[in-house]
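Residue strings, one per chain:
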Amino acid sequence: MSSLSERIILFKKCGGGYGGTVLTPLDGYFPIPAAYFGMVLGIIGMGSAWRFAAAHWALPALAGECLMALGVAVWLVLACVFIYKWLFRRAAALAEVRDPIQCCFISLFPGTTMLVGVAVAPYAKPLAFWLIVLGTVGQLAFAAYRSAGLWRGRHTPEATTPGVYLPTVASNLISAIALGSLGYGHWGFLFLGAGIFSWLSLEPVILARLRTLGELPKPVRPTIGIQLAPPLVACTAYLSVNGGVANIFAQVLFGYGMLQLIFLARLLVWTFEQPFSSSFWSFSFGVSAMSTSALRFLVHDPGSPIALLSWLIFIFSNLVHRTFDRRHAGPHFSRQISAPPSGSGPAA
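Procedures and definitions
Residues numbered from 1 in each chain as written. Predicted model: local features only at pLDDT ≥ 70, side-chain atom pairs only at ≥ 80, totals over all residues. Heavy atoms only, no water. Helix = DSSP H or I, 4+ residues; strand = E, 2+ residues; numbered from the N terminus. Buried < 20%, exposed > 50% of the residue type's maximum accessible area, 1.4 Å probe, protein only. Contact = heavy atoms within 4.5 Å. Areas by Shrake-Rupley, 256 points an atom, 1.4 Å probe, with all protein chains shown as cover. Axes fitted to C-alpha atoms, helices over the stretch in contact; angles between N-to-C directions. Parallel < 35°, antiparallel > 145°, perpendicular 65-115°, else oblique. Left-handed = near helix turned anticlockwise from the far one by under 90°. Nonpolar A, V, L, I, M, F, W, Y, C, P; charged D, E, K, R; others polar.

A. Representation of the overall build of the protein in the model. Counting secondary structure elements, the protein contains 14 helices and 0 strands. When the helices and strands of the protein are listed from N to C terminus, the series reads α-α-α-α-α-α-α-α-α-α-α-α-α-α. Relative to its 348 residues, the protein shows a buried fraction of 57%. A sequence separation of at least 24 residues applies to 78% of the contacts in the protein between residues at least 6 apart. Carbon and sulfur atoms form 71% of the exposed surface of the protein, whose accessible area is close to 14,600 Å².

B. Just the packing of helix α2 (residues 38–56) against helix α12 (residues 284–300), in detail. The interhelical angle for the contact between α2 and α12, taken along N-to-C directions, is 15 degrees, at an axis separation of 8 Å. By the angle class used here, α2 and α12 are roughly parallel. For the crossing formed where α2 meets α12, the hand is left-handed. Residues G38, L41, G42, G45, M46, S48, A49, F52, A53 and H56 of α2 lie in contact with α12, whose contacting residues are S284, F285, S288, S291, T292, L295, R296 and V299. Looking at the contact of α2 with α12 residue by residue, the classes come out as 8 nonpolar, 9 polar and 1 charged.

C. Representation of the packing of helix α7 (residues 165–181) against helix α9 (residues 229–241) within the structure. At a closest axis distance of 7 Å, the pairing of α7 and α9 adopts a crossing angle of 25 degrees. Between α7 and α9, the angle falls in the class roughly parallel. The handedness of the crossing between α7 and α9 comes out as left-handed. Every residue of α9 that contacts α7 at Y165, V169, L173, A176, I177, G180 and S181 is listed here: P230, V233, A234, T236, A237, S240 and V241.

Pasting the structure below:
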């Protein structure tokens, strides 16, 4: 486990952590942060890849539906925990909102609500519609609170981690994917634009922080996996709203995503200098989006370079998710849940 001194340094640099105090179980610590919704991103994302593959090739449809069901079940549990925290552990909930790093992960709640809508759409389209509408409204409300609030100049450079992408980039791209899956591509394009331009405006700031302000403390390093998501999720969103047309723009997005994958592979040893925690799921959404997009290329542009690599990418994505599943279920991770952190950061 990462050292106490590293956590204290992060705590001080990011404005005092949870509202200026190190929390304990007695005064506000809660063992399940909003970052845990990242598991749902990866599970349902991979379920979408299997569902698409089963619809076009002789692969078992049951695999995709089981992943979807698992993702929905995990979301239900985490949603109940999240609501419980706000009803009965208000100090911990407010502390999470005030934390400059953890608060970005709250946007995963409405974001995963939309993905649950995608998962249940084949079985209950009206329910899926309202889940997507509620999730979209929720993510816009939180983005207005969190991201617009940064314009007041109170955000510290040290707190500018890749998690900053989540409220505006990831959430809007998920809205585009979800609306496109229901046939509302013309609405989805609005959110695609919001997500892409938010990504382009934030990436230079985040990369400048990563390059020039010292290395990320160990508890926060896994959030660097979020760097993989914007181009690949944007590619998936674009293919979702345009009817699956794998044109040059889609290839450009995918190519930049592959470059991010190479960079992250170079940093794997550095990233894994701490035991596995829920924050490692930050890699999962980009990995699953890469698989889904590659399979779409195989259907709509089978002669493209991406299509030629599609099955290798699909296998690789499944291996990554299988690794996360096994590590998440391990005894060390269970011990981490019961141990309160000494400072700020996503699910250390």
